[in-house]
Protein chains: 2
Amino acid sequence: MSNLAEDRGPGRPRCQDTRQSILRAAYEMFEEGEDQPFTIEAVARRSGAAKTTIYRWWPSKGALVIEAFLAIAEKRSAFPETESAVADLRMQVKLLARLLRGRAGRLVAGIIAEAQSDPETKKAFIDGYLKPRRLSAARLIERGMANGELRPGLDVETVCDALYGPLYLRLILKSGLGDDGAINSLVDIVLDGIRASPIRQ
Amino acid sequence: MSNLAEDRGPGRPRCQDTRQSILRAAYEMFEEGEDQPFTIEAVARRSGAAKTTIYRWWPSKGALVIEAFLAIAEKRSAFPETESAVADLRMQVKLLARLLRGRAGRLVAGIIAEAQSDPETKKAFIDGYLKPRRLSAARLIERGMANGELRPGLDVETVCDALYGPLYLRLILKSGLGDDGAINSLVDIVLDGIRASPIRQ
């Protein structure tokens, strides 16, 4: 999702403007305080769009929540690139943990809850969020295997599940994500398990 | 939870019998086909207890679901003990994966969903399920550190999150747990990360 506010080209149809202003309203509602409940009603009020218009683009509240969440997530956890793929992976997990500690974490927990009974929400979260992030993580893991930091032949999906799974478990069933030190310990275990080392080669 | 069916002692008050028959009804409903929706109504019908009686013991459907789930989970994923703590840990994760692949997995997904908005359900699941399982896993990890299979000084909670987190991620946000081979690959990563080895000692 690019540039919510200034995306209007000369030939862009009016309905795209409406779409952007709905997303912007949802986005701003996330950025603001806790007290405002996130409902389609409230988004309609804030954006000036009709509820029926909102439902035309987003079949469920979950779908809108996800797309607006993506805008925040992209802004806050852009994938960094340094010389070391292992360092980048570590930073990536820490950025996600920071994101999940705040309001975005409660949003994601809500999306996950909705996704258990609503396949549309599940699909929207997987396609719109999990898959693109996985691609970025996969590139890092492949870079690490290519540059000799990680041992060759790793299954990328499995490594991603091992790195990210514990964060989701902590988000949904524990009292919190833990601080950066706790996240580091978690990442250490997985990185120690996949790192290239003299005894493994 | 012990012995749902034969728990009646001579001095046991009648209300305990009712409690057991409610749990047994819930338990049997899990054991049976998919088609029967799990509602307090249905449990009341099957057990012959009044809905109000059920609500007296279990403040929410989630709480009853969890207690009945425990009976299944205990039966199906008892913690094995062999010479090797590492082998036991691996088997433990595989047993949970097997449990989560079936109807119990959909139940747990439903409990997790409910837990995101209902603190009672969350507490019941954590106290009734996660914590006791964690204790058993912690004992294995400590045994592995003591017998030299695992490197010393591991943080037990962190290791548990690393081992179990990916299973929950797969349950709630992916298409499935993966087969035993896939679970093995996952466990390999974590075990390789925590195993005692010549270069680490």
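Residues numbered from 1 in each chain as written. Chains lettered and ligands numbered in written order. Predicted model: local features only at pLDDT ≥ 70, side-chain atom pairs only at ≥ 80, totals over all residues. Heavy atoms only, no water.

With an unreviewed UniProt entry as reference, chain A is termed TetR family transcriptional regulator, source organism Hypericibacter terrae.

Student: I keep staring at the pattern of salt bridges and nothing clicks. Help me out?
Tutor: Think of it this way: side chains of opposite charge can pair up when their charged atoms draw near. For the structure on display, the rule yields 32 salt bridges over all chains. B:Lys174 serves as the salt-bridge partner of A:Asp161, at 3.0 Å between the closest nitrogen and oxygen. With A:Asp161 in helix H8 (residues 156–173) and B:Lys174 in the loop between helix H8 (156–173) and helix H9 (180–194), this pair bridges two chains. Put simply, B:Asp161 and B:Arg134 hold a salt bridge, and the shortest N to O gap is 2.8 Å. You can see B:Asp161 sitting in helix H8 and its partner B:Arg134 sitting in helix H7 (residues 119–146), a full 27 residues away along the chain. (Salt bridge = Lys/Arg side-chain N within 4 Å of Asp/Glu carboxyl O. Helix = DSSP H or I, 4+ residues; strand = E, 2+ residues; numbered from the N terminus.)

Student: Looking at this structure, how should I read the packing of aromatic side chains?
Tutor: Any two aromatic rings considered together are summarised by their centre-to-centre distance and by the angle between their planes. For the structure on display, the rule yields four aromatic pairs over all chains. A cation over an aromatic ring shows up here: A:Arg56 above the ring of A:Trp57, its NZ or CZ 5.0 Å from the ring centre. (Phe/Tyr/Trp six-rings, centres within 6.5 Å; stacked < 30°, edge-to-face > 60°. Lys NZ or Arg CZ within 6 Å of the ring centre and 35° of its normal.)

Student: Just to check I follow, could you spell out the interface of chain B and chain A for this structure?
Tutor: Interface size is commonly expressed as the accessible surface area that is lost when the partners come together. Across the contact, 35 residues belong to chain B and 35 residues belong to chain A. At the boundary of chain B with chain A, total buried surface from both sides reaches about 3000 Å², with 69% on carbon and sulfur atoms. Broken down residue by residue, the surface that chain B buries against chain A is led by B:Leu169, B:Leu173 and B:Ile189, which jointly contribute 22%. Run the count over chain B and chain A and you get eight salt bridges. Of the charged contacts, one joins B:Arg170 and A:Asp161 as a salt bridge, the two residues approaching to 2.6 Å between their closest N and O atoms. Linking chain B with chain A are 10 residue pairs in polar contact (both at pLDDT 80 or more), by the criterion used here. Looking at the side of chain B that touches chain A, the elements with two or more residues in it are helix H6 (103–117), H7, H8 and H9 of chain B. The residue makeup of the side of chain B that touches chain A, split by class, is 20 nonpolar, six polar and nine charged. (Contact = heavy atoms within 4.5 Å. Buried area = accessible area lost by both parts, 1.4 Å probe. Polar contact = N/O pair within 3.5 Å; in protein donor to acceptor, adjacent residues only side chain to side chain. Nonpolar A, V, L, I, M, F, W, Y, C, P; charged D, E, K, R; others polar.)

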